[in-house]
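Coordinate analysis (summary)
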Amino acid sequence: MNHVFLLALGAVAVLAPVQAHAAETCQGTPGNGNAKLVLEATTLHSAAGEVAFAIYPDDKSRFLAKGAKVGRARVSAASPRACLWMKPGHYAIAQYHDENGDHKFNRTLFVPKEGFGFSNDAPTSIGLPSFDAVRTALPASGTVVRMKMRYRQ
């Protein structure tokens, strides 16, 4: 993702208590003060391809910057839920629906070709959401972040 791909964005994120799912495998290591972060993409318009989640540190200069992710997960769009063990704190989360599975966020000059979303229902009308709008907490008890996938086609 980079800073020129959008003119208008919108996403819905809902924080909820962490609940166990059958056979859920989490990336990272439990314990050592790590908290369980579960990410769910909702309202996908197809089950084709994958959903990519990117977690950025609590630093607005690194939000959506190349190589700045502190966590990443790719899951089937048929079951768009990822689980990671991370240090409690604040993060910014972005997602996209990689329908063609090319591991790229496809777009035209101004409009995304694939679905996208951000944590916290980050309000935007033109361009990307601000870091402060996307910043979300991961408490020591863990959390689930549900993000609505948006499409601009």
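A short tour of the structure in this document, coming up. Remember, predicted model here, so these are calculated numbers, not experimental data.

The subject of this paragraph is the nonpolar core. Side chains that are nonpolar tend, in soluble globular proteins, to be buried together. Residues L37, L39, V51, F53, I55, M86 and I93 are the most contacted members of the largest nonpolar core, which totals 20 residues. In this view, L37 contacts I55, A82, C83, L84, M86, I93, L138, T143 and V145; residues no more than four positions away in its chain are not counted. Residues L64, A68, A92 and F105 belong to the second largest nonpolar core, which totals 17 residues.

For the rest of this paragraph, the subject is the environment of A52. For A52, the location among the structural elements is in strand 3 (residues 50–56). Using a relative accessible area of 6% as the deciding quantity, one classes A52 as buried. In the structure, A52 is positioned 28 residues away from P80 in sequence and 8.9 Å away in space, judged by C-alpha atoms. Not counting the four nearest positions on each side in its chain, A52 is found in contact with A73, R74, A94, Q95 and Y96.

Another point: empty space enclosed by the protein. All told, the structure shown has one cavity of 30 Å³ or more when counted by the stated rule. Put simply, the parts of the chain that give the lining of the largest cavity at least two residues each are strand 6 (89–98), strand 8 (135–138) and strand 9 (143–148). When residues of the lining of the largest cavity are assigned to their parent elements, the largest contribution, three residues, is made by strand 8. Among the residues making up the lining of the largest cavity, the classes are represented as six nonpolar, two polar and no charged.

For the rest of this paragraph, the subject is the packing of aromatic side chains. For the structure shown, the criterion picks out five aromatic pairs. Ring centres 6.2 Å apart and planes at 65° place the aromatic pair F63 and F118 in the edge-to-face group. On the criterion of sequence distance, the pair formed by F63 in the loop between strand 3 and strand 4 (71–76) and F118 in strand 7 (residues 116–118) is long-range, its members being 55 residues apart. F118 carries the same exposure label as F63, and that label is buried. A network of ring pairs unites the aromatic residues Y56, F63, F118 and F131 as a single cluster.

Before going further, it helps to examine the pairing of strand 3. Most of strand 3 sits inside the fold, with six of its seven residues counted as buried. Strand direction decides the pairing type here: strand 3 and strand 6, joined by seven bridges, are antiparallel. The residue bridging I55 from the neighbouring strand is I93, located in strand 6.

Let us now look at the side chain of S119. Topologically, S119 is positioned in the loop between strand 7 and helix 1 (131–134). When its relative accessible area of 0% is taken as the criterion, S119 is described as buried. Within the structure, the side chain of S119 is placed 2.6 Å from the backbone oxygen of V134, a separation counted as a polar contact.

Calculation criteria
Residues numbered from 1 in each chain as written. Predicted model: local features only at pLDDT ≥ 70, side-chain atom pairs only at ≥ 80, totals over all residues. Heavy atoms only, no water. Core = buried A, V, L, I, M, F, W, Y, C linked by side-chain atoms within 4.5 Å. Buried < 20%, exposed > 50% of the residue type's maximum accessible area, 1.4 Å probe, protein only. Contact = heavy atoms within 4.5 Å. Helix = DSSP H or I, 4+ residues; strand = E, 2+ residues; numbered from the N terminus. 1 Å grid on protein atoms, 1.4 Å probe; cavity = no way out; pocket = protein on both sides within 12 Å on 5 of 7 lines; lining within 4 Å. Points joined across faces, edges and corners; volume = space filled by probe spheres on them. Nonpolar A, V, L, I, M, F, W, Y, C, P; charged D, E, K, R; others polar. Phe/Tyr/Trp six-rings, centres within 6.5 Å; stacked < 30°, edge-to-face > 60°. Pairing = 2+ DSSP bridges. Polar contact = N/O pair within 3.5 Å; in protein donor to acceptor, adjacent residues only side chain to side chain.

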